Structures are given as C-alpha cells and as structure tokens.
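# Summary of the model geometry
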Amino acid sequence: MLRYGGDYNPEQWPPGTWAEDDELMRRARVNSATVGVFSWSLLEPEEGRYSFGWLDDTLDRLHSNGVGVVLATPTASPPPWFTLAYPEAMPVTPDGVRRTHGSRDTYCAAAPAYRDAARRIAAALAERYAEHPAVWLWHVHNEYGTLCWCDATAEAFRRWLRARYGGLGALNDAWGTAFWSQRYSDWAQVLPPRATQWRHNPTQSLDFRRFWSDELRAAYREQADAIRAVRPDATVTTNFMVPEYQNLDFWSWSSDVDIVAIDHYLTDRGIAGAADTAFGADRARSFNGGRPWLLMEQATSTISAGDRSLTKPPGQMLRDSLAHVARGADAVQFFQWRASRYGAETWHAAMVPHAGADSRVYREVVRLGEVLDRLGEVAGSTVRADTAIVWDADSWWGLDSPILPSSALRYLPALRAAHRTLWTDGVTADFVAAGADLSGYKLVLAPALYVLPDAAAANLSSYVERGGHLAVWYFSGIVDENLHVRLGGYPGALRDLLGVRVEEFHPLAEGETVALSGGATAHTWTEDLRTTTAEPVLAYPDGSAAVTRNRYGAGTAWYVSCGLDDTSYASLLGEIRRRAGTGPEGEPTPGVEVVRRNGKRNDWLFVLNHTGAPATVPATGHELITDRPVTGTLTVPAGGVAVVRVGADGTPTRT
Ligand code: GAL
C-alpha cells in the first residue's frame, strides 16, 4: 500500500466540518493524516495540564474511517505560556535580539527548559497513544533547523567543541586563531559566531553549523527515545526539508530516523521544477540508504515564485506526486488537508481548497487517490543507480561564506547542474558521502567538493584505482576538515589522482567568458593548470589544459577546471558516462522522464511526460493506471503519466 494524505488540523475547524472531512477523505481514498504538528497550546494549555480529549476523538474518528495517523509531537511551536515561564529559552539572533512568540519555531533548541518541555509533551503523547491502532508513524517536531546564538547555545557549543577537540590548544590550531589575534585562553571566551565587526573566522562558522546539526539531532533523539520508551517498536521520523534549507547534515541524521521523510515545495515551474523534484527525491532515497522513503509534505497547487504564488496547471499535481513515487517514495502527503481560513498560511494550497469539494484541485486529489490505489503493488520496491553524486554538508557550509575567491562558488547550483544534466539524459543518480563505499557505482561525480578530509580523499582515490570513474569539478579537494588549505598546488587532496597541479585561480566576472578548444566556452571560473600525468581534453586559449582525464590504477579521473557552457557541460558528461559505461535505458526523449523501480518479481517503469505533446516510449508489460497491456510501445498523453509493470531484470512480467 502507498500512503496518501496530508496534515490534518481539525482543531482549527468547527466540529461541523469533521463529518465532511471523513466523507471527503473516503472519497479521495486518503489513508494517512498527520495530526498534531502545531497543537501544543491546545494539548498543554497550561504547563503540566494536558487536554487530550480532542486528539482522542480525532484519532478514533480517523481510525474508524480507515485513515492511519502520523502522530506529530508539537514541539516546533511552544505555547505563549512557555515564553513567559522561560524567557531565556526564546531564540536569539546573531546580533543579540531575543525573539518572542507570535509565529512558530520560537524556541532555542539548546535551551534546557525547552528541551525538558519538549521531552515531556512527547512522553505524554507516547504514553497516551502508543497503543492506538490508528498510529502507524511518529513524526517528531517539524522541519528541524531553526538556529540560535543565545547563552545556552554558547554553552552547548563549548561542550560540543570540548568533545571534538579535547583542549583549547587543538581548538586554537583547528580554528587558526593565530590569524587576527583570536587565540582563546579560556573556554568562556569561545562563542557562537555572533555579530562581529567584519568577517567571521570560517572554521568557527563551520563548526557552529556542525554543532547545530548535532544539537538538533540530540533534541530529536530525546523525543524519539521518549516514544520508544513506551513503544520500543514505534517507527519514528521527522520531516527533512529539501532542497534549499541546509541546517542539517542529513547523512548523520539518517541513522537516527527509522525512515527518511522529506518535504518538497517547488520553487520552479516546468522542466526546471520537474528536475528539481528528482533532485530532492534522489537525495531522500539516498539518505534512506536506497530504501523506500516518505514524501511527507508538498503543495497541491501553489509554487512559490518570488513575489507571488503560482498555481500548478491541471495534471501537474499527479505528475509531481508520481515523480516522487518513481524515485522510491512509498507515501504521498501534502500540507495540508483543508486550506486554512485564517492564520499565516491562509493562502497556501490544500487538498480541500477554500472553494470546497466542488473544485478542480479536490477532483484531482480524488483522481490521485485512485491512481495511488492502483499503484499499491510498487510499495517496498527500490530504485537502482550506477551513477552517484557526492553530497557533502561540510562543503555546502564551507562555501556558504564571504571569504572565497568568488561569490559565484556556490554549492547547491553546482550540485543541481550535475544532477540535472544526468536527469536530462535519463540517468537516475544516487547521492553518496565522499567516504562511503563507492564500489557499486560505475561513475561518481564530485562537484564543489570544497572540504575533503584525508580519509575521504583516500576513499575517492582507491575507488578510481580499483576501476571506478570519477569526475571532479573545480574548487574541490581544496581544504581539509578545518578549512586549512592543502598546500603545494591545488587541488591539494586530489592532485595525484587527477594528475594536475593548479598554481592560481582566475575567477571570471559575471558575463565574462573565455573561449576553449572545440568551441566550448568557460564562464565563472578558470585556472592556471599544468598537467602532470593527465591528458588534456579541452584547452584554454594559451593551450594549457582546462578539462583533463587521468588514468589512475584501473580507473579514470576527470577534472573540470572551469565553468562550462551548458552544451559543453552536457556533452562532456555524456562522454564521461559513455567511457564509464553508464547510460539511460533507451534513448531519452526531451522532457519525458523514465524511471525504473525494482521489485523482487517485477519492475515498474514510470513514464512522466512533462511536455505539451504526446510522447511514445518503448515498453512491454501492463500499464497499471489504465489497466491495459502494453506491447512494444507506450504513448503517454501530454502532461500525463504511465506506470508499466515489466519483468524484473529482463524476465517476463509476473502478475
Ligand atoms: C512546511 C511546513 C508546514 C507548512 C508548509 C507550507 O515547510 O512544514 O508546516 O508551513 O511548509 O509550505
């Protein structure tokens, strides 16, 4: 079964609407509702006094309506009484302004009073509902990430630093405090990177991001433990926000959640939006170790596009949803069931819009319910990829800095470019950590891998030595885990592997380009590069190499020392893929996404037509949405989706 539903907040509605909710959920085949995410002030109206009546009724009602419950702990929005009782637990900005309630996320996650209160309400919910038959999943908190710079944070930061460095000497070395007279002689002097006169110490900033991710993990684990203390076999998770919101190191977090759940809100339309959905979904699957994962939130209609929100055209919601399922999601959920009549998200799309059930959106919600029902057999199947992209939180945080040689050195765009080029070519990619076991991949891409510890660099080298293909983009392998430059020529950690040595960078101005050999164009970044063992693939105007290829052991390591125009980037990556022996299944049709989910007995081909014209692709098997056999070719209408059950690994289809 695929789970289907959304955030459900009946406490924000008069009881008269509940019977209609039940009826409309039944009609839409909703089988999952996330309850209680922002209900703390109702559940605990005064400190220590709980009021569970409405939640009892809601869980019972949903259960008798056949709807499973994702029970949330409400700790992302403490009640106003909490502020007055514990003013010291309110979040403080880098420049010392203490925020107050009136919105959400008004807490400091490192403040003991907040942590205690959060643990207590989680434990109280667990005690009351651990055995409730409706609850299939526990959803701790909501989108962990809110930062704080208060005194409690400073104390927790110092504890984390002591554990990492042992003594102040090691901290001083790692942070390079000899620069600008920052040497610490007492732990009390060590602070979070609060507002200061000019540039922060970059290693202090990086350690603060690492610390905060760990601090939030500890807060998550306390609640998860409180739930498991009552119900050891509970499935517990929290919702990760991908792709733009980067306050967590998801590789470390994924070992703490029982199943990865993500929220994905589109910020782009058309093909760019479709590519971005795949970018989020491939990461969700990878963070979950390749196993099926959950789409916890998306929007039925709106796309936030700068100064206004845009509605999704007919059919897009179904396509977006199946795009997640295609890449391994076993749940499709939305924020939220009913569009709010009031509050800060009044104008956010929902499964039941302000117009009510007589609306295009609700009719599409019903249709999506029917389709997901027909696709139930794909639940539990996986997605295999032989190409991977290195994902690294330290490099993102390290590049999120004003000290770099160019402000155009940005992490997410570099990762997106690599993923989108593969996506356009019909290649499904996993994401991996640089230190992970890479032996299952024919090709690994490393864009913007700025921070590279010794062990991870050695891992990349031994992957190539044993026959792997690796492509590295500029400004990778430049610094160690403390952001100390690796000396002797860039990219220090990868010089031997890549067979190149770079003496100087030449960042380009916006709009400035350099003509390369073969008609290619460089933008953003160029380098003064000398080959040692590598052979040139593309050259700068002075004949020096711009893109190189190096045989290393049994494998090949490519280096791209400049920003490349889109066409050259795509053709280079195509060439790299061909040599690595990775490719899409069949010739890709522009704008038509084909993804395979692999099961034990069968596979399923998801065909998503993002174009405005019908598309025909080769396929043989059984189409599940229309319940029709497919022999040889399949035509998918403009903007449509098809899911074909095909034989696993080329064997005949089994029903
Ligand atoms: C999510 C959040 C929801 C809601 C939604 C609106 O990030 O978890 O509570 O605010 O955004 O898009």
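Residues numbered from 1 in each chain as written. Predicted model: local features only at pLDDT ≥ 70, side-chain atom pairs only at ≥ 80, totals over all residues. Heavy atoms only, no water.

## Here's the deal with the nonpolar core
Note the threshold: For the purposes of this section, nonpolar cores are sets of buried Ala, Val, Leu, Ile, Met, Phe, Trp, Tyr and Cys residues that join through side-chain atoms within 4.5 Å. Here the term buried applies to any residue with accessible area under 20% of the maximum for its type, exposed to any over 50%, and partly exposed to those in between, with areas from a 1.4 Å probe on protein chains only. Contact definition: two residues touch when any of their heavy atoms are within 4.5 Å.
Grouped together as the largest cluster of nonpolar side chains are 190 residues, with contacts concentrated most on Trp 138, Leu 322 and Phe 475. When residues no more than four places from it in sequence are discounted, the contact partners of Trp 138 are Leu 71, Leu 125, Ala 126, Tyr 129, Ala 130, Ile 227, Ala 234, Thr 235, Val 236 and Thr 237. If you look at the next biggest cluster of nonpolar residues, it comprises 12 residues, including Leu 605, Ala 619, Val 636 and Ala 642.

## A look at the pairing of strand E14 (residues 443-446)
Working note: regular strand, side chains alternate between the two faces of the sheet. Using the following cut-off: Going along the chain from the N terminus, every DSSP run of H or I of four or more residues is numbered as a helix, and every run of E of two or more is numbered as a strand. Two strands form a pair only when DSSP identifies at least two bridges running between them. Handedness rule for crossovers: strands pointing away from the viewer, path from the first strand over the helix to the second running clockwise, crossover right-handed.
Taking every second residue as pointing to the same face, both faces of E14 are buried, with Leu 443 and Leu 445 on one and Val 444 and Ala 446 on the other. Alignment of strand E12 (residues 387-390) against E14, held across three bridges, turns out to be parallel. Looking at E14, one finds that Ala 388 is bridged to Val 444. The β-α-β motif built from E14, the intervening helix H15 (residues 454-465) and the parallel element strand E15 (residues 469-473) has right-handed crossover chirality.

## Description of the sheet that holds strand E20 (residues 535-539)
Stated precisely, the cut-off is as follows: Here the axes come from fitting lines to C-alpha atoms, over the contacting stretch only for helices, and the angles between their N-to-C directions go from 0 to 180 degrees.
Strand order across the open sheet formed by seven strands is E13-E12-E14-E15-E22-E21-E20, with mixed pairing between neighbours. Every other strand in the sheet has two partners, leaving strand E13 (429-432) and E20 as the edge strands with one partner each. Each neighbouring strand pair of the sheet contributes to a mean axis angle of 20°, computed without reference to strand direction. In this sheet, strand E22 (residues 555-560) lies alongside strand E21 (residues 545-552) in antiparallel orientation, the contact comprising six bridges. Residue pairing in the sheet places Arg 551 in a bridge with Thr 556 of E22.

## Observations concerning helix H12 (residues 360-374)
Condition: Helices are assigned an expected span. That span is 1.5 Å times one less than the residue count.
A rise of 1.5 Å per residue sets the reference length of H12, with its 15 residues, at 21 Å; its end C-alpha atoms lie 21 Å apart and thus fit the reference within 8%. Turning to H12, its buried residues are Val 361, Tyr 362, Glu 364, Val 365, Val 366, Leu 368, Gly 369, Val 371 and Leu 372. The elements touched by buried residues of H12 are strand E1 (3-8), helix H1 (18-27), helix H11 (316-326) and strand E11 (329-334).

## Focus on the pairing of E21
Counting buried positions along E21 yields six of eight residues, so the element is predominantly enclosed. As paired strands, E20 and E21 are joined by four bridges and run antiparallel to one another. Bridge pairing links Ala 539 to Ala 545 in E21.

## What to know about a nonpolar patch on the surface
For clarity, the threshold we go by: Patch membership is restricted to residues that have no salt bridge and whose relative accessible area is over 30%. Joining uses 9 Å for like charges and 5 Å for the nonpolar side chains Val, Leu, Ile, Met, Phe, Trp and Tyr. A 1.4 Å probe and the Shrake-Rupley method give the accessible areas. Residues count as covered only by the protein chains that appear here. When a carboxyl oxygen of Asp or Glu is within 4 Å of a side-chain nitrogen of Lys or Arg, the pair counts as a salt bridge.
A surface patch of nonpolar side chains, about 420 Å² in accessible area, is lined by Phe 179, Trp 180 and Trp 198. Looking at the secondary structure, you find Trp 198 in the loop between helix H7 (168-175) and helix H8 (202-230).

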